[in-house]
Amino acid sequence: MIYYIDSVKQFLELKETLKTAYITSKKYGKIPVPCANTILVSCELIIANNYNPNFVSKDKMNLLKRSIRDNGFCFPIVTIFDEIEEKFVVIDGFHRKSMGDKAWLDLDYIPLVFIDHDISDRMYATVQFNKARGVHQVDLDADVIKALIQQGKTEDEISIHLGIDLETIHRY
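Anyway, here's the lowdown on the structure attached to this text. Please read these numbers as outputs of a predicted model, since none were measured by experiment. (Residues numbered from 1 in each chain as written. Predicted model: local features only at pLDDT ≥ 70, side-chain atom pairs only at ≥ 80, totals over all residues. Heavy atoms only, no water.)

**Some details on the pairing of strand β8 (residues 109-114)**
So, point 1. Counting buried residues in β8 gives 5 out of 6 residues, a clear majority hidden from the surface.
So, point 2. Of the pairings in the sheet, the one linking strand β4 (residues 39-42) to β8 comprises 4 bridges and is antiparallel in character. The residue bridging L40 from the neighbouring strand is P111, located in β8. (Buried < 20%, exposed > 50% of the residue type's maximum accessible area, 1.4 Å probe, protein only. Helix = DSSP H or I, 4+ residues; strand = E, 2+ residues; numbered from the N terminus. Pairing = 2+ DSSP bridges.)

In structure tokens form, the structure reads like this:
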């Protein structure tokens, strides 16, 4: 079911009806699956946290915009609901959330999941999500670019969709 949330009241009513989905690890037992309860929330109800040091360059933001346009919004924002602020506070996905701004995609709603964490757990989660993304492997870029060229893609198309300048493409 798809839920569009325009107000705190709507969210609080919905929150009471949603059930947490779980998967079972043979080693660790039940693991919650918050993404099973993705909801579409008005951008006006979502705010940034005040502790994430992550920075994304403009070219990477343009690539994120291209990715969302090409592939859809595949990864919901991870949030908590702050009852004092009466807002969803981003734990992970601030830059995806920023795509909702007028300067980028000008969206009315952003897909998000909410988890119930205190401030310490929120900070841990933010760092875990950032670090768990791993290290980008440049050698794989070269393989992908070569494969795309073999599939008939132009260097300009590759540049646009991967956010790589033509000089870098030529180096591969």
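Okay, back to it.
**Re the environment of M61**
So, point 1. Relative to the helices and strands, M61 resides in helix α2 (residues 58-71).
So, point 2. Residue classification places M61 among the buried residues on the basis of a relative accessible area of 7%.
So, point 3. As a C-alpha pair, M61 and V78 span 17 residues in sequence and 18 Å in three-dimensional space.
So, point 4. With residues near it in sequence (within four places) discarded, M61 still touches V56, H95, S98, M99 and W104. (Contact = heavy atoms within 4.5 Å.)

**With respect to the side chain of T79**
So, point 1. Relative to the helices and strands, T79 is located in strand β6 (residues 77-82).
So, point 2. In contact with T79, not counting residues within four places along its chain, are F88, V89, V90, I91, L112, V113, F114 and I115.

**Overview of the nonpolar core**
If you look at soluble globular proteins, the nonpolar side chains tend to sit buried side by side.
So, point 1. Formed by 17 residues in total, the largest nonpolar core has its most connected members in I5, F11, I39, V41, I46, F88 and L112.
So, point 2. Not counting chain neighbours up to four residues away, the residues in contact with F88 comprise F11, I39, V41, L45, I46, I47, T79, I80, F81, L112 and F114.
So, point 3. Counting 8 residues, the second-largest nonpolar core is a separate cluster that includes V78, V89, I91 and A125. (Core = buried A, V, L, I, M, F, W, Y, C linked by side-chain atoms within 4.5 Å.)

**Concerning a negative patch on the surface**
So, point 1. On the surface, E83, E86, D116, D118 and D121 cluster together into a negatively charged patch.
So, point 2. Take E86: it is sitting in the loop between β6 and β7 (87-92).
So, point 3. Among the residues examined, E86 registers a relative accessible area of 43% and is labelled partly exposed. (Patch = residues over 30% accessible without salt bridge, like charges linked within 9 Å, V, L, I, M, F, W, Y side chains within 5 Å. Areas by Shrake-Rupley, 256 points an atom, 1.4 Å probe, with all protein chains shown as cover. Salt bridge = Lys/Arg side-chain N within 4 Å of Asp/Glu carboxyl O. Lys, Arg positive; Asp, Glu negative; His and termini not counted. Charge placed at Lys NZ, Arg CZ, Asp CG, Glu CD.)

**Things to note about the pattern of salt bridges**
So, point 1. Here the structure, examined in full by the defined rule, presents 5 salt bridges.
So, point 2. With its nearest N and O atoms 3.0 Å apart, the salt bridge here joins D70 to R66. With D70 and R66 both in helix α2 and 4 residues apart, this pair spans about one turn of that helix.
So, point 3. Residue D70 is classed as partly exposed on the basis of its relative accessible area, which comes to 36%.
So, point 4. R171 is the salt-bridge partner of E167, the closest N and O atoms lying 3.4 Å from each other.

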